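Structural overview for review
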Amino acid sequence: MIQMEVSTLPDKYLGVILKSGKVKIATVWPMVELMQNKLATWKGKLLSFNDRLVLIKSVLCSVPIYSMSIYKWPKSLIKICERIIRNFFWSGDSETRKHKILSWKKVCSPYNEGGLGIQRLEVINKALLMKILWRKINSKAEGALFIKAKFQDKHNQWKNNWQLSSIWLEEVGYTDYVKAHINMKVSDLILEGKWNVPERIKPVLSNYTLPKTGIEGDNLIWKGEIKGAAGFGIVIRDHLSQVLGVMSGGIGISTNYIAEVYAIISAVELAVEWKMQNAILNSDSKQLYLILQTTRCHGL
């Protein structure tokens, strides 16, 4: 009547393999192949260190996002993906190892902690699964009510005697302690300028190095202004969405709008230098889009 085909598992929906049972490496291995295919088209050894960093952040780390939003990836597969990213970062070749002068954990630290801000895939996976859990807990939608009715007992505790679903909520970390302290803040873990981590969550934080704390006064970081240290990044693709090159730069204290303008101007200059006849420009700035739409810009 509604002209819909009946499908069976495993199946693919929006690029994600849907499969019942526990997630195995074979379930999400296509994401690894997709990452390798992208690297095969890049001339990593011809790219600068900064260019490779931009590609890792904007492309490689975003490849598994949809899959990680659904499944808890096996740790062995995460290690494979991070090895591919790490080798490409240091040598320009995903298969070539190079002597490293800095640990990968330090490289993936935020800028203000001396790192380069590359996101760890394991952390991304956990964060995305926690986002799903948070939505289910606080949602009144029929789908969320169904999940809670099926997988929670009369005391609202998550059951662990089911095996047919590949989305394991308990593995995310929603324990009795977490539920009782769901609104805990970082400030609750600091006492008199020192970390005071409860015994129940120390095992969770054992693999992380907590930043140093002090009893000095708080530093004002943001004053509510729209200006700050800004930069821009550009990824150039062909008609097949294959990456042709990347460009990035810093412009000092400025606004988001000025950074978007710099990116557009740099992209146009690069298109002229490469003698491109037709170019499609994408920007996150709606204000810039409206200005370009109402202003006569030849070739745009």
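This structure is a prediction, so every number in the text was calculated from the model and none was measured.

This next bit is on helix 10 (residues 256-273). The terminal C-alpha atoms of helix 10 lie 26 Å apart, and with 18 residues this matches the ideal 26 Å at 1.5 Å per residue to within 8%. Within the sequence span of helix 10, burial applies to Ala259, Ala263, Ile264, Ser266, Ala267, Leu270 and Ala271. Within helix 10, the buried residues cover an arc of 165 degrees as seen down the axis, which keeps them to one side. Residues of helix 10 that are exposed and point more than 90 degrees away from the buried face comprise Glu269, Val272 and Glu273. Positive phi appears at Lys275, one or two residues downstream of helix 10, with a value of about 60 degrees.

So, on to the packing of helix 4 (residues 75-91) against helix 6 (residues 121-138). Their axes nearest at 9 Å, the elements helix 4 and helix 6 cross at an angle of 130 degrees. Accordingly, the angle class assigned to the pair helix 4 and helix 6 is oblique. Across the interface between the two elements, Lys75, Ile78, Cys81, Glu82 and Ile85 from helix 4 touch Leu121, Glu122 and Asn125 from helix 6. Counted by class, the contact of helix 4 with helix 6 contains four nonpolar, one polar and three charged residues.

A few words on the nonpolar core. Counting 38 residues, the largest nonpolar core has Trp73 and Ile118 as the members making the most contacts within it. Counting residues per element, the ones that place at least two in this core are helix 1 (25-41), helix 2 (49-58), helix 4, helix 5 (104-107), helix 6 and strand 6 (243-254). Considering each element in turn, this core owes the most residues, nine residues, to helix 4. Excluding residues that lie within four positions of it along the chain, Ile118 makes contacts with Leu53, Ile56, Lys57, Cys61, Phe89, Trp104, Val107 and Cys108. Ile234, Ile236, Ala263 and Leu270 belong to the second largest nonpolar core, which has six residues in total.

Quick notes on the rules
- Residues numbered from 1 in each chain as written.
- Predicted model: local features only at pLDDT ≥ 70, side-chain atom pairs only at ≥ 80, totals over all residues.
- Heavy atoms only, no water.
- Helix = DSSP H or I, 4+ residues; strand = E, 2+ residues; numbered from the N terminus.
- Expected span 1.5 Å × (residues − 1).
- Buried < 20%, exposed > 50% of the residue type's maximum accessible area, 1.4 Å probe, protein only.
- Arc of directions from axis to C-beta.
- Axes fitted to C-alpha atoms, helices over the stretch in contact; angles between N-to-C directions.
- Parallel < 35°, antiparallel > 145°, perpendicular 65-115°, else oblique.
- Contact = heavy atoms within 4.5 Å.
- Nonpolar A, V, L, I, M, F, W, Y, C, P; charged D, E, K, R; others polar.
- Core = buried A, V, L, I, M, F, W, Y, C linked by side-chain atoms within 4.5 Å.

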